[in-house]
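# Structure assessment
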Amino acid sequence: MPIAFATLDALINHGFDTVIDVRSPAEFALDHVPGAINLPALSNDERAQVGTIYKQISPFEARKLGASLVARNVADHIAQAMADKDGSWRPLVYCWRGGQRSGSFASILGQIGWRTDTVQGGYQTFRRLVQGAVYDGPVPHRIILLDGNTGTAKTALLARLAAKGVQVIDLEAMANHRGSLLGGAAQGQPSQRGFDTQIALALHRLDPARPVLIEAESSKIGRLVIPPALWAAMTAAKRITVHAPLAARASFLARAYADIAADPDDMARRLAPLRYIRGHEVVDGWMALLHAGDLTGFATALMDQHYDPAYAKSRKIAADDMLADLHSATLDDAGQDRLVAEIMPLVTAV
C-alpha cells in the first residue's frame with residue numbers, strides 16, 4: 001500500500017535510502033521533494049505523446065503505449081542508475097498523483113526484490129504540505145525584519161549573523177534575485193513552487209521559539225511572490241533599521257554590483273523601465289557615469305535620484321513597529337562587524 005504522509009516533517013524524514021521522482025524532467029525541474037533524484041518513467045516528449053493519444057484517440061491506446069515506454073525506461077534506469085544497488089536498498093517512489101507511473105515503476109523494482117514503497121498522492125501530497133506551511137499559516141516563528149535604504153549591506157549582514165548562529169532566512173538567495181530592478185541573475189529565478197518549497201523547508205529547520213531575521217522586502221522578489229503566511233508574519237514584524245551615509249552606501253553598492261555594472265548594455269536594459277519614471281535625462285546621466293567608469297558616482301546618483309525617494313515613499317513605519325535604529329558611518333568589514341555586534345543582542349533577547 002502507498003504510504004500516507006500526514007505532515008511535512010514525516011515526509012522529509014521518510015527513512016528510505018533514496019527518494020525517486022519518476023515524473024518527467026520538466027516536472028521535476030519545477031519542484032520536487034528535497035533530496036529526490038529524477039529517474040523519469042517518461043521523458044518530456046514521451047509524456048506529451050501519451051497525453052495527446054489519451055485525448056485524441058483513446059485512454060486504452062495511451063496506457064498501452066505508456067506501459068511500453070515506462071518498461072523500457074525503467075530497464076535503462078536499472079542498468080545504469082541502479083546498477084550498484086544491493087538487495088538491502090530501500091527506495092521510495094513518487095509521481096504526480098501517486099498513480100500509474102510510480103505504481104508501475106515500483107512494481108518492477110519490487111519484482112527484483114527491493115523493498116519499494118510509493119507516496120500516496122505523489123508530488124501533490126508534498127505540494128499540499130508545503131502550501132499548508134506557507135500559504136495557510138500562521139507561521140509559528142517570530143519574525144524580525146532587517147530594514148534600511150538600498151546599499152545598507154542588509155544581505156551581507158544576514159550572512160554574518162547566520163555565521164554567528166542567528167536564525168536567518170535569505171529570501172533573495174532563495175529567489176536568485178537581489179531584490180531590486182538591477183537584481184536579476186543571469187541564470188534566472190526558480191519556479192514559484194520551488195521558491196515556496198525552499199521557504200517551507202527553511203522554516204521547518206528553524207526553531208519557532210527563537211527569532212528569525214529576514215530582510216525587509218516588498219511582497220515580490222523579481223517575479224516571485226512571498227507566500228501569504230510568511231508575508232503576513234513579515235508585515236506584522238518588528239524592524240531593525242540600518243542607516244548609513246550616502247557615500248558609505250555608494251561605496252558598498254559599487255562593490256556589490258560590480259558584476260552587473262561591468263556590462264553597460266545589460267545595465268541599460270535593466271534601467272530602461274526607469275526612463276518612464278525618472279525621465280530620459282536622469283537615466284542618461286546615470287549611464288554617462290557608468291560609461292565613464294565612475295561606478296561609485298553611478299551608485300550615488302541611482303540611490304539619490306531613485307532608490308532613496310522610492311524607499312521614503314514606500315516605508316511608512318509606525319514608531320511601535322521599530323525595534324531599533326542603528327547607524328554606521330561605514331559599511332566596510334569593520335562597519336559591518338560593528339552593526340552585527342549591535343544586532344546580536346536584539347535578536348537573541350526578543
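A short tour of the structure in this document, coming up. (Residues numbered from 1 in each chain as written. Predicted model: local features only at pLDDT ≥ 70, side-chain atom pairs only at ≥ 80, totals over all residues. Heavy atoms only, no water.)

### A few points about the pattern of salt bridges
Inclusion rule: Any Lys or Arg side-chain nitrogen located within 4 Å of an Asp or Glu carboxyl oxygen qualifies as a salt bridge. A helix here means a DSSP run of H or I that spans at least four residues, while a strand means a run of E at least two residues long, and both kinds are numbered starting from the N terminus. Per-residue accessibility, obtained with a 1.4 Å probe over protein chains only, is compared with the maximum for each type, and a residue is labelled buried under 20%, exposed over 50%, and partly exposed between these values.
Scanning the entire structure with this criterion turns up 12 salt bridges. For Glu61, the salt bridge is made with Lys64, and the minimal N-O distance between the two is 3.4 Å. Separated by 3 residues within a single helix, Glu61 and Lys64 lie in helix H4 (residues 59–79), roughly one turn from each other. Judged by its relative accessible area of 30%, Glu61 is partly exposed. Here Asp266 ties to Arg269 by a salt bridge, and the two come within 2.6 Å at their closest N and O atoms. Taken as a pair, Asp266 and Arg269 lie in helix H13 (residues 264–271) at a separation of 3 residues, close to a single helical turn. On the accessibility criterion, Asp266 (17% relative accessible area) is buried. Taking relative accessible area as the criterion, Arg269 reaches 54% and is therefore assigned exposed. The network of salt bridges with common partners includes Glu27, Arg47 and Arg101.

### Quick word on empty space enclosed by the protein
Rule in force here: Whether a set of points on the 1 Å grid over the protein atoms alone is a cavity depends on a 1.4 Å probe fitting there but being unable to get out, while an open set qualifies as a pocket with protein on both sides within 12 Å along at least five of seven lines; lining residues are those with an atom within 4 Å of a point. Grid points are joined across faces, edges and corners, and a volume is the space filled by probe spheres set on the points. By the convention adopted, Pro, Cys, Tyr, Trp, Phe, Met, Ile, Leu, Val and Ala count as nonpolar, Lys, Arg, Asp and Glu as charged, and the other residues, Gly among them, as polar.
On inspection of all chains with the given rule, the structure shows 1 cavity of 30 Å³ or more. Forming the walls of the largest cavity are 10 residues, and the residues nearest its centre are Leu253, Tyr257, Leu295, Phe298 and Ala299. Listing elements by their share of the lining of the largest cavity, those giving two or more residues are helix H11 (246–256) and helix H16 (295–314). Classifying every residue of the lining of the largest cavity by side-chain character gives 10 nonpolar, no polar and no charged.

### A short note on the sheet that holds strand E10 (residues 238–243)
Here is the rule: Think of it this way: DSSP has to see at least two bridges between two strands before they count as a pair.
Across the sheet, 5 strands lie side by side as E6-E7-E5-E10-E11; this open sheet has parallel pairing. Since the sheet does not close on itself, it has two edges, and those belong to strand E6 (168–169) and strand E11 (322–327), each with one partner. Inspection of the sheet shows strand E5 (residues 143–148) paired to strand E7 (residues 212–215) by 4 bridges, in the parallel sense. Bridge pairing in E7 places Ile144 opposite Leu213.

### A short note on the packing of aromatic side chains
In plain terms, the rule: Between the rings of Phe, Tyr and Trp (Trp by its six-membered ring), a pair exists once the centres lie within 6.5 Å; its type follows the angle of the planes, with under 30 degrees stacked, over 60 edge-to-face, and the other angles tilted. Consider the ring centre and the ring normal. A charge sits over the ring if Lys NZ or Arg CZ is within 6 Å of that centre and within 35 degrees of that normal.
A complete count under the given rule lists 3 aromatic pairs for this structure. On the numbers, 6.2 Å between centres and 55° between planes, the contact of Tyr123 with Phe126 is tilted. Here the residue Tyr123 and the residue Phe126 both occupy positions in helix H6 (residues 122–136), the gap between them amounting to 3 residues, near one helical turn. Here the two residues Tyr123 and Phe126 agree in accessibility, since each one is buried. The structure contains a cluster of three or more aromatic residues connected by ring pairs, namely Trp96, Tyr123 and Phe126. Over the ring of Tyr123 we find Arg23, and its NZ or CZ is 4.3 Å from the ring centre. Directly above the ring of Phe16 sits Arg90, whose terminal nitrogen or CZ lies 4.3 Å from the centroid.

### A few points about the pairing of strand E1 (residues 18–21)
Residues of E1 alternate between two faces, with Thr18 and Ile20 on one and Val19 and Asp21 on the opposite face, all of them buried. As judged from the 4 bridges shared by E1 and strand E3 (residues 91–94), these two strands associate in the parallel manner. What sits directly across from Val19, in E3, is Leu92. Looking at chain direction, E1 and strand E2 (residues 37–38) are connected through 2 bridges and run parallel. Note that in E2 the partner of Asp21 across the bridge is Asn38.

### Digging into the pairing of E7
The alternating pattern of E7 places Val212 and Ile214 and Leu213 and Glu215 on opposite faces, both of which are buried. One ladder, built from 2 bridges, connects E6 with E7; its direction is parallel. Counterpart to Ile169 in the pairing with E7 is Ile214.

### Considering the environment of Trp231
Selection criterion: The contact criterion used throughout is that any non-hydrogen atoms of two residues lie within 4.5 Å.
Here Trp231 is to be found in helix H10 (residues 228–235). Expressed as a C-alpha distance, the spacing of Trp231 and Ser43, which sit 188 residues apart in the sequence, is 37 Å. Sequence-distant contacts of Trp231, defined by excluding residues within four places in its chain, comprise Glu217, Ser218, Ser219 and Ile226.

Just distances and angles here, no functional claims.
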